[in-house]
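# Close look at the chain arrangement
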Amino acid sequence: MAASCNSNLPRRIIKETQRLLSEPAPGISASPSEENLRYFNVMILGPNQSPYEGGLFKLELFLPEDYPMAPPKVRFLTKIYHPNIDKLGRICLDILKDKWSPALQIRTVLLSIQALLSAPNPDDPLAENIAKHWKTNETEAVATAREWTRMYASGV
Amino acid sequence: MSNSAVVVPRNFRLLEELERGEKGFGDGNVSYGMDDGEDVFMRSWTGTVIGPSNTVHDGRIYTVKLYCDKDYPDKPPAVRFESRINMACVNQESGVVEPRSFPMLANWRRDFTMENILTELRREMQTGQNRKLPQPPEGSTFTC
């Protein structure tokens, strides 16, 4: 099964996967699932100096049939308090939508998500309540984000 | 399964179904939504089916529970009527839609969706015997 999937996997995806495994980006790991080579288990370390520092966040990523003409689909599986990530882990990030370009890769997407953790953007919210919290009392919102990181992302 | 087919993993498939359910589709005679907006595994769903006209079900609104386990959509969801209904494929004790008398569940295919199930249940209400079977009072529920 894995072999037959593999033989039909576009060369671009094979290349990207090999590079992700051989030269992982710092603080990011992505490995394809055995049953489905378009489906990746992803881990992202919370960036230093962010409210997510010390957290280990699990995500899932899927390359749809029309990748790389269409962007990968990505979401958080670990609960996270962030204005651009909703309760189901869906991410509001322009390059996952209208700003996608086939010149981008899985690696660039994951780096952008890591950067989003360092720079939450409450002006383009997905989680309205969290964004409001961020704008009205950033200190308190950041404290909640730290608390959630400790509760849900402490590297189990 | 064709070996060139791209398999959409469970969670992304359910996210697609969620978005379709939120946007609405078709003529509005069937609809569905997720029960717990914080359940990252999207297991529990509630569907509604509006009874077709020219049947005993005309105008009734039926509530149907669908449970998508870890092996969905390789395996069908568990489907159960919450509203009481007298129909051949529905267990009259529990409201469970019995796969052996509802071919869509028995001969499940991975590309079938919750929308397909609800649409098929509505079609079932219009078939020969089901359209005329005496029905319990409107609004009563299976208790289990």
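Refer to the structure presented above.
Everything quoted here is computed from the prediction, not taken from an experiment.

### Description of the overall build of chain A
When you go through chain A residue by residue, the secondary structure sums to 5 helices and 4 strands. For chain A, the succession of helices and strands along the chain, N to C, is α-α-β-β-β-β-α-α-α. Considered along the principal axes of its C-alpha atoms, chain A spans approximately 50 × 35 × 25 Å. For chain A, with 156 residues in total, the buried portion stands at 49%.

### Some details on the pattern of salt bridges
All chains considered together, the criterion is met by 17 salt bridges over all chains. Glu115 of chain B is the partner of Arg20 of chain B in a salt bridge, and the nearest nitrogen-oxygen pair spans 2.5 Å. A residue pair is termed long-range when its members are at least 10 positions apart, and Arg20 of chain B in helix H1 (residues 10–23) and Glu115 of chain B in helix H3 (residues 114–125) qualify at 95 residues. Here Arg20 of chain B falls in the partly exposed class, since its relative accessible area comes to 41%. A salt bridge links Arg109 of chain B to Asp111 of chain B, with the nearest nitrogen and oxygen atoms 2.9 Å apart. Judged by its relative accessible area of 49%, Asp111 of chain B is partly exposed. One network of salt bridges, with partners in common, ties together Lys79 and Lys87 of chain A together with Glu38 of chain B.

### Some details on the pairing of strand S1 (residues 28–32) of chain A
Residues in a regular strand point their side chains to alternate faces of the sheet. Residues and elements named next belong to chain A. Here 5 bridges tie S1 to strand S2 (residues 39–45), and the two strands are oriented antiparallel to one another. Opposite Ser31, over in S2, you have Asn41 as the bridge partner. Taking the residues between adjacent antiparallel strands as the criterion, S1 and S2 are bridged by 6 residues.

Cut-offs and rules
- Residues numbered from 1 in each chain as written.
- Chains lettered and ligands numbered in written order.
- Predicted model: local features only at pLDDT ≥ 70, side-chain atom pairs only at ≥ 80, totals over all residues.
- Heavy atoms only, no water.
- Helix = DSSP H or I, 4+ residues; strand = E, 2+ residues; numbered from the N terminus.
- Buried < 20%, exposed > 50% of the residue type's maximum accessible area, 1.4 Å probe, protein only.
- Salt bridge = Lys/Arg side-chain N within 4 Å of Asp/Glu carboxyl O.
- Pairing = 2+ DSSP bridges.

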